[in-house]
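Residues per chain, in single letters:
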Amino acid sequence: MKKIAFFFSILLFMGTLVANGQTRVITGTVTSAEDGQPIPGVSIIVPGTTLGTVTDINGNYSLQAPQEAESLTFSFVGMRSQEVEIAGRNVVDVVLEPSTIGVDEVVVTAMGISRDRKSLGYASSSIGADEFSESEVINPMNALQGKVAGVDIASAPGPGATQNVIIRGASSFGNNQPLYVVDGVPINNTQVRSGDNLNFNVDFGSGLNAVNPDDIESMTVLKGAGATALYGSRAANGVILIQTKSGSNTGDKLRISYDGSFSVLNVGRIPERQDQFGQGWSGFHALDENGNWGPRYDGSIRQWGYVVDNSQLLKPFSFVESRVRDFYDFGISHKNSVSASGGNEDTQYFMSVSHNNTDGVLPEDVDTYKRTTLSTKGSQRWNALTLSTSVNYSNENSKGVPSGQGNT
């Protein structure tokens, strides 16, 4: 019995020696690249395992790692994570660099002043130039759809029509539109239309249509009372700041960019309609009657249309399934934009020209929108004095059909 116990003790001792031989202790210090000070609380792990530790108050650490470990991963909030190779060393010192992603993001506020997002005392959301180039929109507000929390955008159906934008819900029974500021200058975004709110209303768009989305560098949405404090009572419903592109220091090299797109438009959904009963009016539109419910569709031959040249058309009184869908056509939209920019340390410039042509889903060319824009922006610096200029020109030509109620 004693021999058996002695035998198991020898096996246990040998297993301990083998286990101890498969690990090694790695020590080191983690410091900051900014000031060289030690960083406490840095997480250190062996990739692919659950082994890890953290640095103490002096930035020192000690970790028991497997012999086959090839690297260690160091991570800390506000610092860039690093994976450092061990390369047979027992002492591994690491210097972490600060990470500025999402921390020191710059936001353009009132009068074109740039501030760090973290220093703002109010809510703001921004999208960059890439969002506009990828979406290939005609109206800049379409690029915001689904990208900024609390912003509701409703688009009118016609080409070049108005975009209704509400930030954080309606606050009054009147106008709930935000204030639009382009390069520090408020613009008039009043809807251009004919007729009243209900009858014979044709929507020709608003002032924001004059802005070419390809010329936008960034768009910032200011929400809450902070926006009102910056721009006064006009910003009670929020502010949308648009900063257009400008020249850059390219070493006097000319940079030319082209952006083009071609789109096919179609009606996505047709409302469901009842297919049991025909029109209820008997030849005259009586506004005090419900014209949607008349005789049952029975397939009988009835008069159809007006008498033309003493001739009356006849057709079966039956439900036509695709008569609404077949009415609409495929719309076509194409866009071309060319820009040139460049400059040096003292002189910078930006120029662009764009053309948009959209033919909507209605037959023929009764709903079209054409826009041509020209934009120039430049700056010149003399010592402490800087002179900047910006000129924007837009020519819009649109055709629309009444979208309100009426009998014509």
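In every chain, residue numbers begin from 1 and rise along the written sequence. Local features are withheld for residues below a pLDDT of 70 in this predicted model, meaning they are given only at 70 or higher, and side-chain atom pairs are given and counted only at 80 or more; totals for whole chains, interfaces and linings count all residues. Each side-chain value is derived from all of the structure's non-hydrogen atoms; neither hydrogens nor water enter the calculation.

Some points on the overall build of the protein chain
Looking only at helices and strands, the protein chain has three helices and 25 strands in total. Only protein chains enter the calculation, and the probe is 1.4 Å; a residue is then buried if its accessible area is under 20% of its type maximum, exposed if over 50%, and partly exposed in between. Taking all 408 residues of the protein chain together, 31% fall into the buried category. Here, two residues are considered to be in contact whenever any of their heavy atoms come within 4.5 Å of each other. The contacts in the protein chain between residues at least 6 apart in sequence include a share of 54% that link residues at least 24 apart. In short, Shrake-Rupley with a 1.4 Å probe defines the accessible areas, and a residue's cover is counted only from the protein chains shown. On the protein chain, roughly 25200 Å² of surface is accessible, and the fraction owed to carbon and sulfur atoms is 55%. Each helix corresponds to a stretch of at least 4 residues labelled H or I by DSSP, and each strand to a stretch of at least 2 residues labelled E; elements are numbered beginning at the N terminus.

Considerations on a nonpolar patch on the surface
The grouping of Leu254, Ile256, Tyr258, Val338, Val353, Leu374 and Tyr393 at the surface amounts to a nonpolar patch, some 700 Å² of accessible area in total. Taking the relative accessible area as the measure of exposure, Ile256 reaches 60% and is therefore exposed. Patch construction takes residues with relative accessible area above 30% that form no salt bridge. Like charges are linked within 9 Å, and nonpolar side chains (Val, Leu, Ile, Met, Phe, Trp, Tyr) are linked within 5 Å. Salt bridge criterion: a side-chain nitrogen from Lys or Arg within 4 Å of a carboxyl oxygen from Asp or Glu.

Concerning the pattern of salt bridges
In this structure the tally under the stated criterion is five salt bridges. Note that Glu97 is salt-bridged to Arg80, the shortest N-O span being 3.9 Å. Linking Glu97 in the loop between strand E7 (94-96) and strand E8 (106-108) with Arg80 in the loop between strand E5 (71-75) and strand E6 (82-85), this pair joins segments that are 17 residues apart in sequence. We classify Glu97 as partly exposed; its relative accessible area is 41%. Its relative accessible area of 47% is what places Arg80 among the partly exposed residues. A salt bridge links Asp214 to Lys335; the shortest N-O distance between them is 3.6 Å. Of this pair, Asp214 sits in the loop between strand E16 (202-203) and strand E17 (216-222) while Lys335 is found in strand E22 (residues 331-343), placing the two residues 121 residues apart along the sequence. Of the two residues examined, Asp214 and Lys335, each falls in the buried class.

Observations concerning the sheet that holds E6
Should DSSP find at least two bridges between two strands, the strands are taken to pair. In space, the four strands of this open sheet follow the order E3-E2-E5-E6, with antiparallel pairing throughout. If you trace the sheet from one side to the other, it starts and ends with strand E3 (52-54) and E6, each paired once. Each strand axis lies, on average, 20 degrees off the axis of its neighbour in the sheet, ignoring direction. Of the pairings in the sheet, the one linking strand E2 (residues 43-45) to E3 comprises three bridges and is antiparallel in character. Pairing of Ile45 across the sheet is with Gly52, part of E3. Here an axis means a line fitted to C-alpha atoms, over the contact stretch when the element is a helix, while the angle between two N-to-C directions is reported on a 0 to 180 degree scale.

Here we look at the nonpolar core
One finds Met141, Leu144, Met219 and Ile240 to be the most contacted residues of the largest nonpolar core, which totals 20 residues. Of all the elements in the fold, those that place two or more residues in this core are strand E11 (151-155), strand E12 (163-167), strand E13 (179-182), E17 and strand E18 (239-244). Looking at this core element by element, the count peaks at three residues for E17. What Leu144 contacts, discounting residues up to four positions off in sequence, is Ile127, Ile153, Met219, Val221 and Ile240. By size, the runner-up hydrophobic cluster in this structure holds 18 residues, among which are Ile39, Ala69, Val84 and Leu96. By nonpolar core we mean a set of buried residues, namely Ala, Val, Leu, Ile, Met, Phe, Trp, Tyr and Cys, connected to one another through side-chain atoms within 4.5 Å.

Topic: the sheet that holds strand E4 (residues 60-66)
Across the sheet, which stays open at both edges, the three strands sit in the order E4-E1-E7 with mixed pairing between neighbours. At either margin of the open sheet sits one strand with a lone partner, and together these are E4 and E7. On average, each strand axis in the sheet is tilted by 35 degrees relative to the strand beside it, whichever way the strands run.

Looking at the pairing of E22
One ladder, built from eleven bridges, connects strand E19 (residues 255-265) with E22; its direction is antiparallel. Paired with Asp259 across the two strands is Ser337, which belongs to E22. As consecutive antiparallel partners, E22 and strand E23 (residues 347-359) are separated by three residues.

Overview of the side chain of Thr244
Relative to the helices and strands, Thr244 resides in strand E18. Take Thr244: its relative accessible area is 8%, and that puts it in the buried class. In the analysis that follows, any N or O atom pair within 3.5 Å is treated as a polar contact, provided that within protein one partner can donate a hydrogen and the other can accept it, and provided that, for residues neighboring in sequence, both atoms belong to side chains. Here Asp183 takes part through its side chain, which lies 2.6 Å from a polar atom of the side chain of Thr244. Within polar-contact distance, the side chain of Thr244 engages the side chain of Lys377 at 3.1 Å. Beyond its immediate sequence surroundings of up to four residues, Thr244 is in contact with Val182, Asp183, Asp215, Ile216, Glu217 and Lys377.

Here we look at the side chain of Ser206
Note on placement: Ser206 falls in the loop between E16 and E17. Discounting residues that sit within four places of it in the chain, Ser206 has contacts with Thr162, Asn189, Thr190 and Gln191.

Digging into the environment of Asn176
Structurally, Asn176 can be placed in the loop between E12 and E13. When its relative accessible area of 11% is taken as the criterion, Asn176 is described as buried. Put simply, Asn176 and Asn237 are 61 residues apart on the chain and 5.9 Å apart in space, counted from C-alpha to C-alpha. Look past the residues within four positions of Asn176 in its chain and what remains in contact with it is Val165, Ile166, Ala170, Ser171 and Asn237.

Thoughts on the packing of aromatic side chains
Two aromatic rings from Phe, Tyr or Trp, using only the six-membered ring of Trp, form a pair when their centres are within 6.5 Å; if the ring planes differ by under 30 degrees the pair is stacked, by over 60 it is edge-to-face, and anything between is tilted. If you walk through the whole model with that rule in mind, you get four aromatic pairs. With a centroid separation of 5.0 Å and an interplanar angle of 45 degrees, the aromatic rings of Tyr297 and Phe317 are classed as tilted. Taken as a pair, Tyr297 in the loop between E19 and strand E20 (301-308) and Phe317 in the loop between strand E21 (311-316) and E22 lie far apart in primary sequence, 20 residues in all. Since its relative accessible area comes to 24%, Tyr297 is described here as partly exposed.

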